[in-house]
Amino acid sequence: MTSPATRAAQLREVITRHADAYFVRDEPVIPDADYDALVRELRDIEREHPELASEESQRVGAPASTVFSPVRHAEAMLSLDNVFDVEELRSWSERVVKGLDAAGLDTEKLLQFAVEPKIDGLALSITYRDGHLVQAATRGDGRVGEDVTNNVRTIANVPHQLGVAHGVVEIRGEVFLSKADFERLNDHQRTSGAKVFANARNAAAGSLRQKDPAVSASRPLSFLAYQLVDLEDRLSLGTHRATLAQLSRWGFLVAPETQFVSGVLAMIGASTWFEEHRHDLTYDIDGTVIKVDDLNYRVALGATSRAPRWAIARKFPPEERTTRLRAIEVSIGRTGRATPYAVLEPVLVAGSRVAMATLHNEDQVREKDVRPGDLVIVRKAGDVIPEVVGAVPVEGEARGPAWIFPRTCPECAGELRRRGEESDTYCVNPTCPAQQMQKIVHFASRGALDIEGLGEQRVAQLLAHVLISDVADLFRLAAADLSELEGFGELSAQSLVAAIERAKDAPLSRILVGLGIRHVGPVAARELAREFVTYDALAQARLEDLEAVEGIGPIIAQSVYEYARDDESRQRMARMAAAGVALFEPRDSALGATLQGRAVVVTGSVEGYSRDEATAAIVARGGTSPGSVSAKTYCVVVGEAPGSAKVNKARDVGVPLISAESFEELLATGSWSATLE
Ligand code: IVH
């Protein structure tokens, strides 16, 4: 066991190193959430052992660097205390009420709060004397910052004049890059061979703290104001709301999403709104800042040496964390594709537990150079698919050997082969049990026959008991076969058999999707089924008949032609027909009730559709489009800047997530060829 004193010393050392990387060099090594966790741990130790108290745990930023002249702030630039969930937020508001009570203020009425986005940028204070911009300084350590006046003058949305003279005022806020500007900047960096920034915050900080103002000027920085320090007490502003209105009149950008609310419940609601919409905003936020609106109340509450008592930052669950990479393994899909994935020490990322993350293919593993045993950064990209960003170098820690893509299939020991120029690797053994299982899982999935209760686990169980070895065997299962198996009761056996029975009447187009014929996605399946109506007619079609179908090119035609003539598939289809599978496309299903009775939730924006148009398109096809996700939801369409709550809920209850690109396909066919996970 490490003693608290030793651990505290270790933490101080690490925190100082990371603070330097973040605040001085603008090149953080670990995600913010990990840094916060280190500071928290140190504070907890110091709380239990006050004799160990130190400055590091109270750090506000870092000492100013030597490149810029120092500026002493007329009034300290404080930091904010953080809370990480609703309960802590509630406790903070209770402390506020107690503090106001103690000061003899009336707390009968509902308290007014401002709830603002917590912009992930760089704090800045701009001084105006008699209406003229005279100085701009970074926060530095809170008392002394860096003079960046010349650089700030180049920021397009910073007013140089305030119109009316008001003595000396300082306008404080955040310098940041919008998401779009950040993307553009990085594209430019990439094409000109310059350094690509890891995120918008680093890019903003690096761009502001440039020796040459011309470089700053070339970067699309913005400034958002959230505080006014009236050094000569000339303005009589009573509330934060009035302050922001004044700032806005002077021409400053203030956060348009700011909400003014009454009472703790509404305050928590507003803060949660930001969490759900964080990806809809045009800039990155890592939480919300909640402030007491009444400026007199603020005076009564005061501040500690580090942070005001009248404001609090509620940090959202982090989207990036570091964790250990335990191993790299390979999974085999239904087409035999071998996908490497990371087995991780589980971490909470963006609110859900991540223990695995895809590594896509052999080249990606090599590019990212991640090795088993490494400390790695895990990110939920666009809030959907967890991925490994890269390794974090740990000083003094020897790394293991680079990972080598296996030559043989982990499931069947058959050969793994890379085809020509493709970056994907395949198991080429057609009888590989993993491929067989995935084929059956796909056949039963929502995108195909939608057989309820037939997921991966059950398919594996049926295969293990040799009750099935092919999709055609499903239609011969009897409830009596199943009720013997572990985890099945009389009822669940009957309901699975009933679900399979219903699938016998599925339109031919869905069967074609379920068969997983190479190159045949839902759109092609629908065209083919519409044209030939029965599987027999399709199987007898000549190559040129197939090619003549609208939307069917030579590659798809050839693939279907070969499938129909393959011995194994002929047997499969004959057995399905004998078991009573219709293999028939009803005429009317061609016309579009593709989503009859299905609930499709849309989150984020889908290109070509407004929110209302997307809903209308779903309803026109017999579906509904509710505002929230439940276990009954058919699928969730994930557009640009999706809401994390919906995505997380879908993942929790096992509803498929599909990309906005699949929306047309969903409307046309009622299904999709690829899910996001
Ligand atoms: S108010 C004394 N409001 O977050 C109160 N800060 O972690 C000063 N920040 O130092 C801060 N958005 O750099 C405030 N709407 C907002 C903010 C905000 C981002 C930054 C700011 C602050 C840091 C604290």
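Described in the following lines is the structure provided in the data block. Just so it is clear, the model here is predicted, and its values are computed rather than measured. (Residues numbered from 1 in each chain as written. Predicted model: local features only at pLDDT ≥ 70, side-chain atom pairs only at ≥ 80, totals over all residues. Heavy atoms only, no water.)

Right, let's get into the pairing of strand 11 (residues 311-315). Of all the 5 residues making up strand 11, 5 are buried; the element is thus mostly covered by neighbouring parts of the structure. Every second residue of strand 11 is oriented toward a common face, with A311, A313 and K315 on one face and I312 and R314 on the other, all of them buried. Across 2 bridges, the pairing between strand 2 (residues 82-83) and strand 11 is parallel. In the strand pairing of strand 11, N82 is matched with A313. Two elements, strand 10 (residues 285-292) and strand 11, share 5 bridges in a ladder whose sense is antiparallel. What sits directly across from V289, in strand 11, is A313. (Buried < 20%, exposed > 50% of the residue type's maximum accessible area, 1.4 Å probe, protein only. Helix = DSSP H or I, 4+ residues; strand = E, 2+ residues; numbered from the N terminus. Pairing = 2+ DSSP bridges.)

This part is about the nonpolar core. Counting residues in hydrophobic clusters, the biggest one holds 56 residues, and the most contacted among them are I451, F475, L482, L512, Y535 and M576. For this core, the secondary structure elements donating two or more residues are helix 12 (433-444), helix 13 (456-464), helix 15 (490-503), helix 16 (508-515), helix 17 (522-532), helix 18 (535-540), helix 20 (554-565) and helix 21 (567-578). Of the residues forming this core, the biggest block, 6 residues, is contributed by helix 15. In this view, I451 contacts A444, L496, A499, I500 and A503; residues no more than four positions away in its chain are not counted. (Core = buried A, V, L, I, M, F, W, Y, C linked by side-chain atoms within 4.5 Å. Contact = heavy atoms within 4.5 Å.)

For the rest of this paragraph, the subject is the site of the ligand. Around the ligand there are 14 residues in total, and E116, K118, R139, E174 and K291 lie nearest to it. Contact between the ligand and E174: an oxygen atom at 2.8 Å from a side-chain N or O atom of the residue. Relative to its unbound accessible area of 520 Å², the ligand is 91% covered by the protein chains. Counting only elements with at least two residues in the shell around the ligand, the list comes to strand 3 (112-119), strand 8 (222-230) and strand 10. It is strand 3 that contributes the most residues to the shell around the ligand, 4 residues altogether. (Near = heavy atom within 4 Å. Polar contact = N/O pair within 3.5 Å; in protein donor to acceptor, adjacent residues only side chain to side chain. Areas by Shrake-Rupley, 256 points an atom, 1.4 Å probe, with all protein chains shown as cover.)

Looking now at the sheet that holds strand 4 (residues 122-129). The 4 strands are arranged 5-4-7-8 in an open sheet whose pairing can be described as antiparallel. Since the sheet does not close on itself, it has two edges, and those belong to strand 5 (132-138) and strand 8, each with one partner. Geometrically, the sheet is characterised by an average inter-axis angle of 30° between neighbouring strands, direction not taken into account. When strand 4 meets strand 5, the two strands line up antiparallel, connected through 6 bridges. Following the sheet pairing, Y128 is matched in strand 5 by L133. In the packing of helix 6 (residues 200-208) onto the sheet, contacts are made with strand 4, strand 5 and strand 7 (168-176), and the angle to strand 4 comes to roughly 40°. (Axes fitted to C-alpha atoms, helices over the stretch in contact; angles between N-to-C directions.)

We now examine the pattern of salt bridges. Across all of its chains, the model carries 39 salt bridges by this definition. Here E116 and K291 are joined by a salt bridge, their closest N and O atoms 2.7 Å apart. Taken together, the residues E116 in strand 3 and K291 in strand 10 connect sequence positions 175 residues apart. Each member of the pair, E116 together with K291, is buried. Bridged by salt links that share partners, the residues D36, K118, D286 and K315 form one connected network. (Salt bridge = Lys/Arg side-chain N within 4 Å of Asp/Glu carboxyl O.)

Let us look at the packing of helix 3 (residues 86-102) against helix 9 (residues 264-277). Contact geometry of helix 3 with helix 9 gives a least axis separation of 11 Å together with a crossing angle of 140°. It follows that helix 3 is oblique to helix 9 by the angle criterion. Seen along the crossing, helix 3 lies across helix 9 with a hand that is right-handed. Where helix 3 abuts helix 9, its residues V86, L89, R90, W92 and S93 lie against V264, L265, M267, I268 and S271. The residue makeup of the contact of helix 3 with helix 9, split by class, is 7 nonpolar, 2 polar and 1 charged. (Parallel < 35°, antiparallel > 145°, perpendicular 65-115°, else oblique. Left-handed = near helix turned anticlockwise from the far one by under 90°. Nonpolar A, V, L, I, M, F, W, Y, C, P; charged D, E, K, R; others polar.)

Turning our eyes to something else, we now look at unusual backbone geometry. Of note, the phi angle at A413 is positive, near 65°, even though the residue is not glycine. Within the secondary structure, A413 sits in the loop between strand 16 (385-392) and strand 17 (416-418). What makes A413 exposed here is its relative accessible area of 57%. The backbone of H519 shows a phi angle near 70°, a positive value even though the residue is not glycine. Positionally, H519 belongs in the loop between helix 16 and helix 17.

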